[in-house]
Every structure is written in C-alpha cells, then in structure tokens.
Amino acid sequence: MQRREMSLTGVFAAVLLVLSVITGCGKGAPAYRVTEGYRSWKRTTTVELDYPIPGHGTAYRRIYISPEGENPQRGIDGSYVYPEGTMVVKEVYRQRPTSPEQEPDMFTVMIKVPHDPRSRGGWVWLVQSGEEVMVIPDAFCESCHENANEPHPYGDGNPRGVFRDYLFFPYPPPQGNGGPDQ
Ligand code: HEC
C-alpha cells in the first residue's frame, strides 16, 4: 500500500497552533462539533487501538459511529456507503486512559455532508480539541483515508479492496474486523 509517511503529530500540533491563534469559525459556514452523548453510540471496533499508526506515535484511540451510520448501503461486493448525516468520532488520547470517564485529548471526526464545499470524498474532516474545532479542507486527511478503500494493514485489511467510504474500521464490521458484531 502506498502510505504517506507524514507526521500526523506534527500536523496536529500545527493545527492546534493555528487554532489557538484564530478562534471562532468561518463566516457563514456551518459550525460542526462532536455530538454530546456520542459515547452511547456504537463502537466500530473493540480492537484496542493502542498500536502506532503513521505519525500517531503510541496514542490510544476509540471510534464511535452515529445512529445514521448503523445501516450503510452495502454493495454485493461488500462495499459500504454511509448516508448523509453520519458522524464518525475518533477519540484520541496521548496515553492510555486510566478511567472510563477520562476525556480524550482530541477528536478526529468525519461527517457525511457532501454538499458542504469543504467536504472531500463526501465527508467533512474535523479536528476538535476543547472548544476549538477546525475543518481540514485540503487533502491531508482524505488522501490517507483513501487507503481504506484498498487493501491496507488495519482491521480485516480490506483484502478485496472494495469501497468502504474511507473508513478503516467500517460498521457493521466485516468478517475478521475484530468488531463487536462477531
Ligand atoms: C497517515 C494516515 C492518516 C491520516 C493522515 C489521517 N488518518 Fe484518520 N485514521 C487512520 C487510520 C489508520 C485509522 C484507523 C483507526 C486507528 O487505528 O486509529 C484512522 C481512523 C480515523 C477515524 C475513524 C474511522 C475509520 O477510518 O475507521 C476518523 C474519524 C479519522 N481517522 C479522522 C481523521 C481526520 C479528521 C484526519 C485529518 C485531520 C485523519 N483522520 C488523518 C489514518 C490516518
């Protein structure tokens, strides 16, 4: 798989730096944030995401999908397409949390809003840290997530390389994803 060996940590640091300088959202653009109560949503995988992924170091991650995304359109080849309004929330911790109540240090988020001019591949890509939210309108997030639509090293690895709507851990989990439905 062609993977860009970019430093995510570096980019997140840069993003947060920019966020600390500019506060508030773009004029007229919808303001997105992680929905309150997302922790009652389905987890897309129960795999312990504590291994390093490119640029992430050893941070700990947990992924939730909103109810809109529970029944994606499935192709006969096993492909996935999520409906508009689906939100996928990834909690990112600098270190493994020590209690279930602990708040994550940061969220990375995908929201299906294809009509938003800042969307890529139909998704708006967000980073949220505290009160600060930043949409990433360039190719940074989406270009790495394109790898999810091809064979890749995570979860079941998408061995047949079917379209999975940019999710490395699609829901409901395919066979071998280690997900909760198996
Ligand atoms: C260098 C590759 C790479 C980049 C860049 C990247 N991601 Fe990811 N992302 C991953 C991998 C790998 C996973 C699988 C879950 C895990 O291990 O954390 C993932 C998982 C996710 C998920 C959970 C859905 C899924 O794919 O299973 C969201 C949401 C997400 N990323 C958002 C973002 C956002 C927003 C950005 C840009 C700020 C971003 N990602 C940039 C590699 C990347």
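Read on for a plain summary of the structure.

Parameters at a glance
Residues numbered from 1 in each chain as written. Predicted model: local features only at pLDDT ≥ 70, side-chain atom pairs only at ≥ 80, totals over all residues. Heavy atoms only, no water. Helix = DSSP H or I, 4+ residues; strand = E, 2+ residues; numbered from the N terminus. Contact = heavy atoms within 4.5 Å. Areas by Shrake-Rupley, 256 points an atom, 1.4 Å probe, with all protein chains shown as cover. Near = heavy atom within 4 Å. Polar contact = N/O pair within 3.5 Å; in protein donor to acceptor, adjacent residues only side chain to side chain. Nonpolar A, V, L, I, M, F, W, Y, C, P; charged D, E, K, R; others polar. Buried < 20%, exposed > 50% of the residue type's maximum accessible area, 1.4 Å probe, protein only. Pairing = 2+ DSSP bridges. Core = buried A, V, L, I, M, F, W, Y, C linked by side-chain atoms within 4.5 Å. 1 Å grid on protein atoms, 1.4 Å probe; cavity = no way out; pocket = protein on both sides within 12 Å on 5 of 7 lines; lining within 4 Å. Points joined across faces, edges and corners; volume = space filled by probe spheres on them.

Concerning the overall build of the protein chain
For the protein chain, the count of helices and strands is 2 helices and 8 strands. Ordered by position from N to C terminus, the α and β elements of the protein chain give α-β-β-β-β-β-β-β-β-α. Contacts spanning at least 24 positions in sequence make up 54% of the contacts within the protein chain whose residues lie at least 6 apart. Carbon together with sulfur atoms contributes 55% to the accessible area of the protein chain, which is approximately 9,400 Å² in total.

A look at the site of the ligand
Around the ligand, the structure places 27 residues, and the nearest of them are Arg61, Lys90, Cys141, Cys144 and His145. Interatomic distance of 2.8 Å between a backbone N/O atom of Phe168 and an oxygen atom of the ligand. Phe169 has a polar backbone atom sitting 2.9 Å from an oxygen atom of the ligand. When contributions to the shell around the ligand are tallied by element, the ones reaching two or more residues are α1 (8–21), β2 (60–65), β5 (87–93), β6 (106–112), β7 (123–129) and α2 (140–145). Counting residues per element, the shell around the ligand draws most heavily on α2, which supplies 4 residues. Of the residues belonging to the shell around the ligand, the class tally is 22 nonpolar, 2 polar and 3 charged.

Digging into the pairing of β5
Extensive coverage of β5 is indicated by the burial of 7 of its 7 residues. With burial as the criterion, each face of β5 is covered, one bearing Met87, Val89, Glu91 and Tyr93 and the other bearing Val88, Lys90 and Val92. Bridge count for β2 against β5 is 6 bridges, and the pairing is antiparallel. Paired with Arg61 across the bridge in β5 is Val92. In this structure, β5 lies alongside β6, joined through 6 bridges in antiparallel fashion. When the sheet's bridge partners are listed, Lys90 is paired in β6 with Thr108.

Remarks on the nonpolar core
Tyr82, Val88, Met110, Trp123, Trp125 and Leu167 are the most contacted members of the largest nonpolar core, which totals 24 residues. Listing elements by their share of this core, those giving two or more residues are β2, β5, β6, β7 and α2. When residues of this core are assigned to their parent elements, the largest contribution, 3 residues, is made by β7. With sequence-adjacent residues up to four places away left out, Tyr82 is seen in contact with Ile65, Gly69, Pro72, Lys112, Trp123, Arg164, Asp165, Leu167, Pro170 and Tyr171. Ranked by size, the runner-up nonpolar core spans 15 residues in total, among them Tyr32, Val89, Val109 and Val135.

Quick look at the layout of surface pockets
The volume enclosed by the second largest pocket comes to roughly 280 Å³. If you trace the second largest pocket, you find 16 residues lining it, with Glu36, Tyr38, Glu103, Phe107 and Gln128 closest to the centre. If you list the elements that add at least two residues to the lining of the second largest pocket, you get β6 and β7. Classifying every residue of the lining of the second largest pocket gives 5 nonpolar, 5 polar and 6 charged.

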